[in-house]
Each structure stands twice: as C-alpha cells, then as structure tokens.
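Survey of secondary and tertiary structure
Each chain, written out:
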Amino acid sequence: TTYRNRALRDITVEGKLSPRQAMERIEENIRDNNLPLIQDIDTILEPKRLSGRKELLKMILKDRYRLMGKCVPALSRIDSNENDFYSNATYTDVENTPKKFATQCTIYELGNFTKYLLRSDGEI
C-alpha cells in the first residue's frame, strides 16, 4: 500500500504506528473508500486521551456502514464483556440486541462495535 502522506510511513520504535498516525491512516482509507485496518482501530483505542477518535469512529459507522443515531448495541456491563460478546456474536445476535445512540457510547463501545463490523464485512 502506498500512502500519499509521508508521515504515515514513519513507524515507531516498536514497529507500530503511533495513535495519531493510525488515525491519519484510517482517515485516508475512508477517503479512498477502503476499509480501515482493525490494527489501526486497536491502536487508537490504546491511549487514555486522544482527541478526535470518537468522531473518527462515528465517521466510520456513518460513511462505511451508513449507521447513525441509535445503532450501537447497548450491552450491559453486568451481562457480558464487550469483547466476549463481539467475538462470539452472530449478525442476528447483534441485530436483536437493543441499541443506543452512538453519541452516548464510550469510545471503547464504538471501537469494539466498529471492529466487529470490520471483521464481519463481506460475511453479512
């Protein structure tokens, strides 16, 4: 893959993109009508504070999947771990789960739902 933005080729010492570089690559993939990489979603979820990532995750849902408003599964923290739910969930499970507004979700709820959709893309 070639990147127009030269900064995207700069890799951190550990061999991973920085969270800011991952955000730039996600934005570029969206602009080019490509799927963002799940590794980039994981990277932007790592830091405790990173401005713009909630808006970026909502943009993926809106631009790639045409999901807005009440579209994110409302998972009770008591019922199950989000990662466990999404790793075992079928499309029907997700469809039948009550929804909540994307604007009311935490970054991690949006991130996990986005990763589920990216993994499922093409299978649904």
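What this report covers is the structure whose coordinates are included nearby. Residue numbering note: each chain is counted from 1, following its sequence as written. Two thresholds apply to this predicted model, a pLDDT of at least 70 for residue-level local features and 80 or more for giving and counting side-chain atom pairs, whereas whole-chain, interface and lining totals are computed over all residues. The side-chain quantities take in all heavy atoms of the structure and omit both hydrogens and water.

Another aspect to go through is the pattern of salt bridges. Between Lys or Arg on one side and Asp or Glu on the other, a salt bridge is scored when a side-chain nitrogen of the former is within 4 Å of a carboxyl oxygen of the latter. Overall, the coordinates contain 5 salt bridges when judged by the stated rule. Of the charged contacts, one joins R25 and D40 as a salt bridge, the two residues approaching to 2.7 Å between their closest N and O atoms. Taken together, the residues span a long stretch of sequence, with R25 in helix α1 (residues 19-31) and D40 in helix α2 (residues 38-45) at a distance of 15 residues. Residue exposure (1.4 Å probe, protein chains only): buried if accessible area is under 20% of the type maximum, exposed if over 50%, otherwise partly exposed. For R25, a relative accessible area of 15% translates into the label buried. We classify D40 as buried; its relative accessible area is 2%. With its nearest N and O atoms 2.9 Å apart, the salt bridge here joins E109 to K100. The exposure class of E109 is buried, given its relative accessible area of 7%. Numbering of helices and strands starts at the N terminus; helices are DSSP runs of H or I of at least 4 residues and strands are runs of E of at least 2.

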